[in-house]
Amino acid sequence: MSAVPALPPALPAGLLPQTPLTALAPMQDVTDLAFMRVVAHYGPPDYFFTEFLRVHAQSRPEPHILRSIDENETGRPVFAQLIGEDITHLRRTAEALLHHPVAGIDLNLGCPAPKVYRKNVGGGLLREPQRVGEILAALRAAVPGLFTVKMRVGFEDARHFEVLLDLVNEHRVDLLSVHGRTVRQMYRGEVSYDLIGHAAKRVRCPVLANGNVTSAEKAASVVGSTGAAGVMIGRHAIRNPWIFRQCRERFTGREPFRTTLAHAREYIERLYRATAFPGLAEHQHVNKMKKYLNFVGQSVDPDGAFLHDMRRTANERELFTVCDRHLLAEPDREFAPEPYPGVIARPNCEDSPSASGGCSLETISA
Ligand SMILES: Cc1cc2nc3c(=O)[nH]c(=O)nc-3n(C[C@H](O)[C@H](O)[C@H](O)COP(=O)(O)O)c2cc1C
């Protein structure tokens, strides 16, 4: 009897049939269990991705990242993301993760932090398509279920993009997320939706469009212009955790939920409670909150007054006093669906091309 070719594993169904997919982008120090729970409360994405698990000879899956898989009761699938280049240890880690309730294994080909790409992992690998091919082959062989990739369009430029897309086909990647910037661009500059559209035509798997999807309106326009299967949203889900619900409403022709400053105040309170843990000192907790609030502040007022005052608080009482002053004076005023132009969440990254930057709130929103 001739061997029957294995059917490709199916992607988990989205929350609404025949509607573009939504995913929360992996974000180091952000997309932990607490944040996933908070986002799910306001309307979950179709898919979650963990922040990257570092893979090298001594690595073991980080316990706090495993919690976001093992204890995830949001009902939505979680893909575990790996970053590394050592094939033996990538295989070992993927196999270990398959004993956890992961939806699939995702490979990071995009992290732009110099300390990461200098080790030739993350975005650094985009300079070496041949090496990418070897890694994809090994992980494809190790992962019987869903194997997904998240990549940028290139390192300096998109010169290897075609070859990389061909490798995605050759190694039967099941889902491709494309951040439409190069590694050199980090988080600045235009996102090339044309290149994302090109990927969506060229690869056989569904593509998630990533980069500056700021609102439900923008998501609809990006899906329309790229032909992508859906959108992956990062920083704008920190700013506006209602965004996945709003996307579904917009995709199905309904008016997206209108958020107010009072809603934002409630979100901040929820996030504060969710991110507390025994032993976390108050000032550390407040500093952690400021990193999220850098993004939230982009929708509060057009002159950045909330951000200005929030950044100067030193303890919980001061932080919530500032929140009350800016968010509850006019509680019904709209929490802007798009960030106010010129209100910058992360000055280090946006202002200075030489900023060390990277995949961390420490560097991105300082
Ligand atoms: C704080 C932060 C941490 C990030 N960490 C990761 C990561 O662990 N893995 C990854 O593939 N991308 C990471 N990224 C990149 C995002 O997943 C996403 O590609 C990028 O932010 C662009 O999407 P956005 O415009 O929707 O934020 C990170 C981004 C930020 C802002």
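Residues numbered from 1 in each chain as written. Predicted model: local features only at pLDDT ≥ 70, side-chain atom pairs only at ≥ 80, totals over all residues.

A.B. asks: Before we move on, can you summarise the overall build of the protein chain with the specific residues and values?
C.D. replies: Counting its secondary structure elements, the protein chain contains 16 helices and nine strands. For 366 residues, the compact-globule estimate of 2.2 N^0.38 gives 21 Å, and the protein chain sits close to it at 20 Å. Dimensions along the principal axes, computed over C-alpha positions, put the protein chain at roughly 75 × 45 × 40 Å. Per-residue burial for the protein chain yields a buried fraction of 49% across its 366 residues. (Helix = DSSP H or I, 4+ residues; strand = E, 2+ residues; numbered from the N terminus. Rg over C-alpha atoms; globule rule 2.2 N^0.38 Å. Buried ≥ 20, exposed ≤ 12 C-beta atoms within 10 Å, placed from the backbone.)

A.B. asks: I'd like a rundown of the domain arrangement of the protein chain, residues and numbers included.
C.D. replies: Quite often, the size of an interface is put as the accessible area lost when its parts meet. With domains assigned, the protein chain is organised as domain 1 (21-251) and domain 2 (261-364). Once you take the C-alpha centre of each, domain 1 and domain 2 turn out to be 25 Å apart. Opposite the 23 residues of domain 1 that make contact, domain 2 presents 23 residues. Contributions of two or more residues to the side of domain 1 that touches domain 2 are made by α1 (33-42), α4 (114-117) and α9 (235-239). (Domains from an automatic or database assignment. Contact = placed C-beta atoms within 7 Å.)

A.B. asks: Give a description of the packing of helix α8 (residues 216-226) against helix α10 (residues 243-251) that names residues and reports values.
C.D. replies: Two quantities define a packed helix pair, namely the angle between the helix axes and the distance between the axes. Two elements in contact, α8 and α10, have axes whose closest approach is 8 Å; the angle formed by their N-to-C orientations is 55°. When the axis of α8 is compared with that of α10, the two are oblique. Here α8 runs over α10; the crossing is right-handed. Each of Ala216, Glu217, Ala219 and Ala220 in α8 lies in contact with α10, whose residues at this interface are Ile243, Gln246, Cys247, Glu249, Arg250 and Phe251. Each residue belonging to the contact of α8 with α10 can be placed in one class, and the counts come to six nonpolar, one polar and three charged. (Axes fitted to C-alpha atoms, helices over the stretch in contact; angles between N-to-C directions. Parallel < 35°, antiparallel > 145°, perpendicular 65-115°, else oblique. Left-handed = near helix turned anticlockwise from the far one by under 90°. Nonpolar A, V, L, I, M, F, W, Y, C, P; charged D, E, K, R; others polar.)

A.B. asks: Before we move on, can you summarise the pairing of strand β6 (residues 146-154) with the specific residues and values?
C.D. replies: With nine of nine residues buried, β6 lies mostly within the body of the structure. Between β6 and its parallel partner strand β7 (residues 175-182), the chain crosses via helix α6 (residues 161-170), and the hand of that crossover is right-handed. (Right-handed = clockwise from strand over helix to strand, strands pointing away.)

A.B. asks: Report on the confidence of the model for the protein chain, specifying residues and quantitative values.
C.D. replies: Predicted confidence across the protein chain gives a mean pLDDT of 93, with 92% of residues reaching 70 or more. Across residues 348-358, confidence stays below pLDDT 50; counting only partners more than four residues off in sequence or on other chains, it has 25 contacts. For residues 362-366, every residue scores under 50 in pLDDT, and the model assigns this stretch 15 contacts once sequence neighbours within four places are set aside. (pLDDT = per-residue confidence, 0-100.)

A.B. asks: I'd like a description of helix α2 (residues 63-70), backed by residues and values.
C.D. replies: Turning to α2, its buried residues are Ile65, Ser68 and Ile69. The arc that holds the buried residues of α2, viewed along the axis, is 100°, so those residues lie on one side. Of the surrounding secondary structure, the elements contacted by the buried residues of α2 are α1, β3 (53-54) and β4 (78-83). (Arc of directions from axis to C-beta.)

A.B. asks: Got a sec to walk through the pairing of β4? Specific residues and values, please.
C.D. replies: For a regular strand, the rule is simple: side chains alternate between the two faces of the sheet. Most of β4 sits out of view: six of its six residues are buried. Side chains of β4 alternate between two faces, with Val78, Ala80 and Leu82 and Phe79, Gln81 and Ile83 buried alike. Relative to β4, β3 runs parallel, the two sharing two bridges. Residue pairing for β4: arginine 54 is matched across the bridge by isoleucine 83. Of the pairings in the sheet, the one linking β4 to strand β5 (residues 104-109) comprises four bridges and is parallel in character. (Pairing = 2+ DSSP bridges.)

A.B. asks: Give a detailed account of the environment of threonine 182, specifying residues and quantitative values.
C.D. replies: On the secondary structure map, threonine 182 appears in strand β7. Along the sequence, threonine 182 and histidine 56 sit 126 residues apart, while their C-alpha atoms lie 25 Å from each other. When sequence neighbours within four positions are dropped, the list of residues in contact with threonine 182 reads Arg152, Val153, Gly154, Phe155, Glu156 and Asp157.

A.B. asks: Describe the packing of helix α7 (residues 193-202) against α8, and please don't skip the residues or the numbers.
C.D. replies: The interhelical angle for the contact between α7 and α8, taken along N-to-C directions, is 55°, at an axis separation of 8 Å. Considering the angle they form, α7 stands oblique to α8. Across from Tyr193, Ile196, Gly197 and Ala200 in α7, the residues of α8 making contact are Val222, Ser225 and Thr226. Split by residue class, the contact of α7 with α8 holds four nonpolar, three polar and no charged.

A.B. asks: Let's hear about the nonpolar core: which residues, and what values?
C.D. replies: Membership of the largest hydrophobic core comes to 104 residues, with the highest contact counts inside it found for Leu176, Val207, Ala209 and Val231. Per element, the largest residue contribution to this core is six residues, and it comes from helix α12 (residues 282-296). Beyond its immediate stretch of four places on either side in the chain, alanine 209 contacts Val178, Tyr193, Ile196, Val222, Val223, Thr226, Ala228 and Val231. (Core = buried A, V, L, I, M, F, W, Y, C linked by C-beta atoms within 7 Å.)

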